[in-house]
Amino acid sequence: MTPPGMSAAPIGGASAAGPVGVALLGATGSIGTSALRVLARQPDRFVPVALTANGNFAALQEQVARFSPAYAGLVQSCPDAPAAWGRGPDCLVAAATHPEAAIVINAVVGAAGLPATLAALRCGKRVALANKETLVVAGGIVTDTAREHGGELVPVDSEHSAILQCLAGRQPHEVRRLLLTASGGPFRTWPAERIATATRSDALKHPTWQMGSKITIDSATLANKALEVIEAHHLFGVPYDRIDVVVHPQSIIHSFVEFVDGSVLAQMGVPSMELPILYALTWPERVPDSGVPSFDPVALGGLTFEAVRHEQFPMLGLGIAAGRQGGAAPAVFNAANEEAVAQFLAGHLSFGGIAERVADALQELGGSSGDTLDALLAADAAARRHVRSRIVAEL
Ligand SMILES: NC(=O)c1ccc[n+]([C@@H]2O[C@H](COP(=O)([O-])OP(=O)(O)OC[C@H]3O[C@@H](n4cnc5c(N)ncnc54)[C@H](OP(=O)(O)O)[C@@H]3O)[C@@H](O)[C@H]2O)c1
């Protein structure tokens, strides 16, 4: 099955014209630095031609010195940044549409990544998408844009990369169900009362993945899995009632696909984002790479599975319900979650308060209609304001 917006044209081979240019948005983050390690190991196939960061000038400066991209952009203003660098939020779009870039890795965190995804797809480029919020806020618009302009959306998220690999060569009517795995996060076995008062440092201790702080908190609330269910719905065109989640604490099986004959395929590997990043660049081909240690099933020990504890982790159900509702509800869920997580990280909200604030925002604003990009962006802004005003009122 070829997901919407995906062609089957290989892109990752070395060509007579030289290596393929890659724009990397969010180069200084967890995915961004992993992506640079992947690119550095594949100099004959790929070359970074544009790099962006939000405010981390020092890290971006080091990357620019090492990789000499044709374009660099910093969103936040910084007096030390060279005059030639792009500035402000528009630098993401400038990098994403850079003429030397055939592939854009979108590794920005949050809805801030959406305009660049759309701009790259409008230019017919491949978007290797880590920025799942892009598809949660405006999944229909994004997949339509890819289709209309011949752009490709290839997932970087390990679960969606796993599903893409399991679906290779299959047709939509052969698929019964997608089953996404979730590590369960640091509070997998905690009682609800203890989860509600978990501290910032408790929540930032992810058991299996090293990631940026926002997605680490999303993994602790299971909001991340809700975002991924919505992402899978848009990427693979599978209805919500045929997408399930199972807890798999070892994070070795990255997801399953169940077929209509009852067969189940799983994709597995050590938990390293370098594998799905490389695959998103070379899909549908595979190329040799030395970055990840060889798979040793004996050393892994057991693989276990558990049902999701929905009562203790209400964000999963809230997010899936928002996805099913459609319209502006997923954008409201995402924006309210982004704001609530930022407030939790800043010490202004309890861990349990994240789900309460998001539920409240969905109740107030989830019913707004959201067919156009402007309507979705307005719903996003309203949800952020709503969460902020409730928190200020409670301080
Ligand atoms: N980390 C993972 O293993 C993982 C796995 C699957 C999917 N993802 C997804 O990948 C995306 C990135 O996650 P991450 O863990 O790499 O995040 P991260 O470590 O926080 O990095 C975020 C990157 O985006 C930049 N950035 C932050 N806010 C921005 C804004 N408003 N405008 C432009 N750039 C901005 C940051 O720049 P500065 O460094 O200058 O702040 C940084 O380069 C998220 O959507 C996440 O859900 C991550």
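Residues numbered from 1 in each chain as written. Predicted model: local features only at pLDDT ≥ 70, side-chain atom pairs only at ≥ 80, totals over all residues. Heavy atoms only, no water.

**Observations concerning the overall build of the protein chain**
If you tally the helices and strands in the protein chain, you get 16 helices and 11 strands. Relative to the 2.2 N^0.38 estimate, which gives 21 Å for 395 residues, the radius of gyration of the protein chain is 20 Å and therefore close to what a compact globule would have. Here the C-alpha coordinates of the protein chain stretch approximately 60 × 55 × 40 Å along the principal axes. Among the 395 residues that make up the protein chain, the fraction classed as buried is 56%. When contacts within the protein chain are restricted to residue pairs at least 6 apart in sequence, long-range pairs at least 24 apart make up 71% of them. Approximately 15,900 Å² of the protein chain is accessible, and the part contributed by carbon and sulfur atoms is 53%. (Helix = DSSP H or I, 4+ residues; strand = E, 2+ residues; numbered from the N terminus. Rg over C-alpha atoms; globule rule 2.2 N^0.38 Å. Buried < 20%, exposed > 50% of the residue type's maximum accessible area, 1.4 Å probe, protein only. Contact = heavy atoms within 4.5 Å. Areas by Shrake-Rupley, 256 points an atom, 1.4 Å probe, with all protein chains shown as cover.)

**Notes on the site of the ligand**
The local shell around the ligand holds 25 residues, among which T28, G55, N56, E133 and G212 are the closest. Residue G55 places a main-chain N or O atom 2.8 Å away from an oxygen atom belonging to the ligand. Contact distances for the ligand include 3.5 Å between an oxygen atom and a backbone N or O atom of V108. Look at the ligand: alone it shows 890 Å² of surface, and the protein chains cover 85% of it. Partitioned by chemical class, the residues of the shell around the ligand number 13 nonpolar, nine polar and three charged. (Near = heavy atom within 4 Å. Polar contact = N/O pair within 3.5 Å; in protein donor to acceptor, adjacent residues only side chain to side chain. Nonpolar A, V, L, I, M, F, W, Y, C, P; charged D, E, K, R; others polar.)

**A few points about the state of the cysteines**
Counting across every chain of the model gives zero disulfides. Here C78 is not cross-linked by a disulfide; its sulfur's nearest cysteine counterpart is in C91, at 12 Å. The class of C78 is buried, set by a relative accessible area of 14%. (Disulfide = S-S within 2.5 Å.)

**Re the layout of surface pockets**
Counted as a void, the second largest pocket has a volume near 420 Å³. In terms of lining, the second largest pocket is formed by 23 residues, of which the most central are Q165, Q267, L275, L278 and R286. When contributions to the lining of the second largest pocket are tallied by element, the ones reaching two or more residues are α6 (158-166), β11 (264-268) and α11 (274-282). Looking at the lining of the second largest pocket, the element that brings in the most residues is α11, giving six residues. Tallied by class, residues from the lining of the second largest pocket come to 10 nonpolar, nine polar and four charged. (1 Å grid on protein atoms, 1.4 Å probe; cavity = no way out; pocket = protein on both sides within 12 Å on 5 of 7 lines; lining within 4 Å. Points joined across faces, edges and corners; volume = space filled by probe spheres on them.)

**Considerations on a nonpolar patch on the surface**
A contiguous nonpolar surface patch, about 390 Å² in accessible area, is contributed by M268, F295, L300, L303 and F305. On the secondary structure map, F295 appears in the loop between α11 and α12 (297-300). Residue class for F295 comes out partly exposed when judged on its relative accessible area of 36%. (Patch = residues over 30% accessible without salt bridge, like charges linked within 9 Å, V, L, I, M, F, W, Y side chains within 5 Å. Salt bridge = Lys/Arg side-chain N within 4 Å of Asp/Glu carboxyl O.)

**Remarks on the packing of aromatic side chains**
Considering all chains together, one arrives at five aromatic pairs under this definition. Ring centres of F187 and F351 lie 5.1 Å apart, and the angle between their planes is 85°; this geometry places the pair in the edge-to-face category. Here the residue F187 occupies a position in the loop between β8 (175-182) and α7 (192-196), and F351 occupies one in helix α15 (residues 351-365), the gap between them amounting to 164 residues. Plain terms: the ring middles of F344 and F351 are 5.5 Å apart, the flat faces sit at 75° to each other, and that makes the pair edge-to-face. Note on accessibility: F344 and F351 belong to one class, buried. Taken together, the aromatic side chains of F187, W190, F344 and F351 make up a single cluster linked through ring pairs. Above the plane of the ring of W190 lies R194, whose end atom (NZ or CZ) is 3.6 Å from the centre. (Phe/Tyr/Trp six-rings, centres within 6.5 Å; stacked < 30°, edge-to-face > 60°. Lys NZ or Arg CZ within 6 Å of the ring centre and 35° of its normal.)

**Regarding the sheet that holds strand β6 (residues 126-129)**
Strands sit in the order β4-β3-β2-β1-β5-β6-β7 across an open sheet of seven strands; the sheet is parallel. At either margin of the open sheet sits one strand with a lone partner, and together these are β4 (86-87) and β7 (152-155). Across the sheet, helix α5 (residues 133-149) lies against β5 (103-106), β6 and β7, angled at about 150° from β7, the strand it touches most. On top of the sheet, α11 reaches β2 (46-53), β5, β6 and β7; it is set at about 170° to β6, its chief contact. (Pairing = 2+ DSSP bridges. Axes fitted to C-alpha atoms, helices over the stretch in contact; angles between N-to-C directions.)

**Observations regarding the sheet that holds strand β10 (residues 253-259)**
The four strands lie next to each other as β9-β8-β10-β11, forming an open sheet whose pairing is mixed. Looking at which strands have only one partner, the edges of the open sheet turn out to be β9 (243-247) and β11. Between one strand axis and the next, the sheet turns by 20° as a mean value, whatever way the strands run. Summarising the sheet, β8 and β9 pair through five bridges and their orientation is parallel. By the bridge assignment for β9, L178 is matched with I243. Here α6 sits on the sheet in contact with β8, β10 and β11, set at roughly 40° to β10.

**Some remarks on the side chain of N106**
When you line up the elements, N106 lands in strand β5. One polar contact links the side chain of N106 to the main-chain carbonyl oxygen of G113, over a distance of 3.0 Å. The contacts of N106, once residues within four sequence positions are left out, are L25, G113, T117, V127, A128, L129, A130, N131 and T134.

**A word on the environment of L235**
When you line up the elements, L235 lands in helix α10 (residues 223-236). By relative accessible area, L235 is classed as buried at 1%.

Interpretation in functional terms is not warranted from these geometric data alone.
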